[in-house]
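# Structural characterization, general
What follows is each chain in one-letter form.
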Amino acid sequence: MPWYFNPVTTCKALNKIACHYETSALQDLRSALDHATELIRRKQEHYYKSNQQKGGGPMIMDI
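Residues numbered from 1 in each chain as written. Predicted model: local features only at pLDDT ≥ 70, side-chain atom pairs only at ≥ 80, totals over all residues. Heavy atoms only, no water.

## Some remarks on the overall build of the chain
Helix and strand content of the chain: 2 helices and 0 strands. Every one of the 63 residues in the chain was classed for burial, and the buried ones make up 16%. (Helix = DSSP H or I, 4+ residues; strand = E, 2+ residues; numbered from the N terminus. Buried < 20%, exposed > 50% of the residue type's maximum accessible area, 1.4 Å probe, protein only.)

Next up, the structure:
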């Protein structure tokens, strides 16, 4: 299973981004975290769709 399905790892990645924007405006931080979260969701969806096309069957995501 890829790293972006592990809640602990994704939380660590988002925390690193938040620490990088520590001195920025709150709006910049929210924008960066929203963008990162959207990228993670896209990766999850892409993985799920490609797994189904390969005949992996339905995959249950417990997030």
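Once the structure has been displayed, the description carries forward.
## Side note on helix α2 (residues 26–53)
Taking 1.5 Å of rise per residue, 28 residues should cover 40 Å, and α2 covers 41 Å from first to last C-alpha, within 8% of that figure. Of all the residues in α2, the buried ones are Leu 29, Ala 32, Ala 36, Ile 40 and Gln 44. Looking one or two places after α2, you find Gly 55, whose phi comes out positive at around 90°. (Expected span 1.5 Å × (residues − 1).)

## Regarding the environment of Ala 32
Topologically, Ala 32 is positioned in helix α2. On the accessibility criterion, Ala 32 (14% relative accessible area) is buried. As for Ala 32 and Ile 17, which are separated by 15 residues in sequence, their C-alpha atoms are 7.6 Å apart. Ignoring sequence-local partners within four residues, the contact set of Ala 32 consists of Ile 17 and Tyr 21. (Contact = heavy atoms within 4.5 Å.)

## Here's the deal with the packing of aromatic side chains
Applying the stated rule across the entire model yields 3 aromatic pairs. The interplanar angle of 40° and the centroid separation of 5.5 Å between the aromatic rings of Tyr 4 and Phe 5 together place this pair among those described as tilted. When its relative accessible area of 12% is taken as the criterion, Phe 5 is described as buried. Members of the aromatic cluster, each reached through a chain of ring pairs, are Trp 3, Tyr 4, Phe 5 and Tyr 47. (Phe/Tyr/Trp six-rings, centres within 6.5 Å; stacked < 30°, edge-to-face > 60°.)

## A word on the pattern of salt bridges
A complete count under the given rule lists 1 salt bridge for this structure. Between Arg 42 and Glu 38 there is a salt bridge, with the nearest N and O atoms lying 3.6 Å from each other. Of this pair, Arg 42 and Glu 38 both sit in helix α2, separated by 4 residues, roughly a single helical turn. Residue class for Arg 42 comes out partly exposed when judged on its relative accessible area of 49%. Here Glu 38 falls in the partly exposed class, since its relative accessible area comes to 33%. (Salt bridge = Lys/Arg side-chain N within 4 Å of Asp/Glu carboxyl O.)

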